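# A closer look at the structure
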Amino acid sequence: MLEQAHPLTADRPQNFRAEFRATLALALPLAAANLLQMLVHAIDVIFVARLGDTELAASSLGVSIFGLLLWTGTGLVSAAAPLIAAELGRRKHSVREVRRTVRMALWLTALVSLVFMGVCAAGGPIMRATGQPEDLTARAAGFLLILMLGMFPMIAAAVLRIFVSALGRPTIATAITFFALGTNALGNWALVFGHLGMPALGLNGSAISSVITSTLILLAYVVVIQSDRRLRRYRLFGNWWRSEWSRFFEMLRIGMPISLTILAEAGLFTGAAFLMGRIGEAQLAGHTIALQVAALAFQIPFGVAQAATIRVGLAYGARDHDGIGRAGAASLALGIGFMGFTALLMWLFPGLVLSIYVDVDAARNAALVGFAMQFLVVAAAFQLFDGAQAVAAGVLRGLQDTRIPMIIAICGYWIAGYSTAIYLGFWTPLAGVGVWIGLAVGLIVVAALLLTRWRMRARLGLLPSA
């Protein structure tokens, strides 16, 4: 019966090893989907990079604004994950409650998408206000005007991904994202360079391909949910006009701090791109490639953090204090352990890692590759802390604890991290490397404070009453 629709609720591991396996089973397909999603975006970088440093730098500025807004919106609706998990932890037959949560998440998606598209439309003045060169600004603003059309389908797809994952079907997200990878590669090949009878649109062709791909991803989720017997029972798209204001505001209460936390972290890296733009075009291009590598590695602990929110949320809804501890410990061990492996790869084989994105032997890429290799050394050093802060935030979200972590993130990333980046980048000879050291400082501070809060969860009253 309905127990089959959400098998996670039947999984109550009574020891760390069993919890680790359950977390791994949920995290692997989510992490795979995250990696594939990054590869979808990497396709854009790979094609645009072959247009030259100017086009790559322009796309970096445009994507910096769009990505910042997209992550903020996705963070806002990600409140659906702990809410759905807690509902399923409390009661297996939570069809109505889950449907209400998803419906209000989609309402919220429509609202924030309209607001953020307005911000994207003002991208040109925003970039000029930060002192970016006019040629880069003009190219980036046109690119952003097209890319913004993908805002709603991308955030809405994130909501549906949360739904299928919380219901124990994360492999759906992996399959759909794999489909998107091929779609975006074909779209870029046809529209950037003018194949298959299409005009060669260059940078704008990459933006069009992204919009088409994101729309097809959303449609794929809808088709799968409506076709799957177990998922169809939730009737997610029935009576979509019916309001549930208490659920809407509960989602805002939990989601707004998550959104601001993500805004603080994403804003740190976006701000770093603007600092690099003022230091030099080659440094900005190198920063873009190195950041793509670091972001690619980050998708594994990010997937673990998503799984941690669900696993901890299920135990939270069941008022299982021991289960909460096991879920958190398993998630932290999994996320931090993997980042140790990626740090080693970046440290030992930086050229091989960079070759995923650019031809490291081409003479025209010499300056870009040189700066990217310097930045990767710093990235390798902060990998462990990046994984720790991501998973620590995920386990705390499972406890629906988001307000204090938000304050920690804002202070850690901006007071400690960005101020260090500005000082070292512009007041010392370190320049771009100094900016990356600032990023590392922010991540280290936030990781330490979030892990401390998790360890003190009982004393701080974060656990549910027995």
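This one's a predicted model, so the numbers in the text were calculated from it and none came from an experiment.

Our focus in this paragraph is the overall build of the protein chain. Scanning the protein chain from terminus to terminus reveals 17 helices and zero strands. Relative to a compact globule of 466 residues, whose C-alpha radius of gyration would be 23 Å, the protein chain shows 21 Å and is just as compact. The principal-axis extents of the C-alpha atoms in the protein chain amount to approximately 60 × 50 × 35 Å. Counting only residues that meet the buried cut, the protein chain has 60% of its 466 residues in that class. In the protein chain, 84% of the contacts between residues at least 6 apart in sequence involve partners at least 24 apart. Within the structure as shown, the protein chain displays about 18,000 Å² of accessible surface, and the carbon and sulfur contribution to it stands at 68%. Across the protein chain, the 34 positively charged side chains and the 21 negatively charged ones have centroids separated by 12 Å.

Looking now at the pattern of salt bridges. Going through the model one piece at a time under the given rule, you end up with eight salt bridges. The salt bridge partner of glutamate 244 is arginine 100, with a shortest N-O separation of 3.3 Å. With glutamate 244 in the loop between α10 (229-232) and α11 (245-279) and arginine 100 in helix α4 (residues 95-121), the pair connects residues that are 144 residues apart, well separated along the chain. Through salt bridges with shared partners, a single network forms among Glu87, Arg247 and Glu250.

Below, the discussion takes up the layout of surface pockets. Here the largest pocket is characterised by a volume of approximately 170 Å³. Considering the residues around the largest pocket, the lining is formed by Leu35, Val293, Leu296, Ala297, Phe338, Phe341, Thr342, Leu345, Met346, Val353 and Ile356. Only α12 (281-317) and α13 (321-348) provide two or more residues apiece to the lining of the largest pocket. Residue contributions to the lining of the largest pocket peak at five residues, all from α13. For the lining of the largest pocket, the per-class residue count stands at 10 nonpolar, one polar and no charged.

Further remarks concern the packing of aromatic side chains. A ring pair, where both rings are aromatic, is described by two values, the distance of the centres and the angle of the planes. Counted by the stated rule, this structure contains 15 aromatic pairs. Measuring from centroid to centroid gives 5.4 Å for tryptophan 245 and phenylalanine 248, while their planes differ by 75 degrees, and the two rings are edge-to-face. Pair noted here: tryptophan 245 and phenylalanine 248 are both in helix α11, with a separation of three residues, about one helical turn. Considering the side-chain rings of tryptophan 414 and tyrosine 418, the 4.6 Å spacing of their centres and the 50 degrees angle between planes classify their relative orientation as tilted. Within this pair, tryptophan 414 and its partner tyrosine 418 are both found in helix α16 (residues 403-426), separated by four residues, close to a single helical turn. Members of the aromatic cluster, connected to one another through ring pairs, are Trp107, Trp245, Phe248 and Phe249.

We now examine a nonpolar patch on the surface. Nonpolar side chains collect at one region of the surface, where Phe341, Leu344, Leu345, Trp347, Leu348, Phe349, Leu352 and Val377 lie side by side and expose about 840 Å² of accessible area between them. Tallying contributions element by element places α13 first for the nonpolar patch, with five residues. Using a relative accessible area of 43% as the deciding quantity, one classes phenylalanine 349 as partly exposed.

What follows covers unusual backbone geometry. Even without being a glycine, glutamine 400 presents a positive backbone phi close to 60 degrees. Residue placement: glutamine 400 occurs in the loop between α15 (366-398) and α16. A relative accessible area of 17% means that glutamine 400 is categorised as buried. Within the chain, alanine 431 stands out as a residue other than glycine whose phi angle is a positive 50 degrees.

Below, the discussion takes up the packing of helix α6 (residues 134-147) against helix α9 (residues 203-227). Angle between the axes and distance between the axes are the two parameters that describe a pair of packed helices. Put simply, α6 and α9 touch, their axes get as near as 8 Å, and they point 20 degrees apart. The pairing of α6 with α9 is recorded here as roughly parallel in orientation. Viewed along their axes, α6 and α9 form a crossing whose handedness is right-handed. Seen from α6, the contacting residues are Arg139, Gly142, Phe143, Ile146 and Leu147; seen from α9, they are Leu203, Asn204, Ala207, Ile208, Ser210 and Val211. A per-class count over the contact of α6 with α9 returns seven nonpolar, three polar and one charged.

Turning our eyes to something else, we now look at the nonpolar core. Membership of the largest hydrophobic core comes to 145 residues, with the highest contact counts inside it found for Val102, Phe163, Tyr221 and Trp436. Residue contributions to this core peak at 16 residues, all from α12.

Glancing now at the environment of phenylalanine 338. Position of phenylalanine 338 relative to the elements: it lies in helix α13. With relative accessibility at 28%, the residue phenylalanine 338 sits in the partly exposed group. Placed 40 residues apart in sequence, phenylalanine 338 and phenylalanine 298 show a C-alpha to C-alpha distance of 9.6 Å. Sequence-distant contacts of phenylalanine 338, that is, excluding residues within four places in its chain, are made with Ala297, Ile300 and Pro301.

Here we take up the confidence of the model for the protein chain. For the protein chain, mean pLDDT is 87; residues scoring 70 or higher make up 96% of the total. Contacts from residues 1-10, a stretch scored under 50 in pLDDT, to residues over four places away or in other chains number 28 contacts.

The next thing to look at is helix α3 (residues 80-90). Side chains that are three or four residues apart share a direction in an α-helix, a result of its 3.6 residues per turn. Burial of α3 is extensive: 10 of the 11 residues sit out of reach of the surface. Looking only at α3, the buried set comprises Ala80, Ala81, Pro82, Leu83, Ile84, Ala85, Ala86, Glu87, Leu88 and Gly89. Contact partners of the buried residues in α3: α2 (53-77), α4, α7 (151-166), α11, α12 and α15.

Bringing the packing of α7 against α9 into the picture now. Between α7 and α9, the least distance of the axes is 9 Å, while the angle of their chain directions is 30 degrees. Comparing the axis directions of α7 and α9 gives the class roughly parallel. Two packed elements cross with a definite hand, and for α7 against α9 that hand is left-handed. Contacts between α7 and α9 involve Phe152, Pro153, Met154, Ala156, Ala157, Leu160, Arg161, Phe163 and Val164 from the first element and Ser210, Ser214, Thr215, Ile217, Leu218, Tyr221, Val222 and Ile225 from the second. Counted by class, the contact of α7 with α9 contains 13 nonpolar, three polar and one charged residues.

Calculation criteria
Residues numbered from 1 in each chain as written. Predicted model: local features only at pLDDT ≥ 70, side-chain atom pairs only at ≥ 80, totals over all residues. Heavy atoms only, no water. Helix = DSSP H or I, 4+ residues; strand = E, 2+ residues; numbered from the N terminus. Rg over C-alpha atoms; globule rule 2.2 N^0.38 Å. Buried < 20%, exposed > 50% of the residue type's maximum accessible area, 1.4 Å probe, protein only. Contact = heavy atoms within 4.5 Å. Areas by Shrake-Rupley, 256 points an atom, 1.4 Å probe, with all protein chains shown as cover. Lys, Arg positive; Asp, Glu negative; His and termini not counted. Charge placed at Lys NZ, Arg CZ, Asp CG, Glu CD. Salt bridge = Lys/Arg side-chain N within 4 Å of Asp/Glu carboxyl O. 1 Å grid on protein atoms, 1.4 Å probe; cavity = no way out; pocket = protein on both sides within 12 Å on 5 of 7 lines; lining within 4 Å. Points joined across faces, edges and corners; volume = space filled by probe spheres on them. Nonpolar A, V, L, I, M, F, W, Y, C, P; charged D, E, K, R; others polar. Phe/Tyr/Trp six-rings, centres within 6.5 Å; stacked < 30°, edge-to-face > 60°. Patch = residues over 30% accessible without salt bridge, like charges linked within 9 Å, V, L, I, M, F, W, Y side chains within 5 Å. Axes fitted to C-alpha atoms, helices over the stretch in contact; angles between N-to-C directions. Parallel < 35°, antiparallel > 145°, perpendicular 65-115°, else oblique. Left-handed = near helix turned anticlockwise from the far one by under 90°. Core = buried A, V, L, I, M, F, W, Y, C linked by side-chain atoms within 4.5 Å. pLDDT = per-residue confidence, 0-100.

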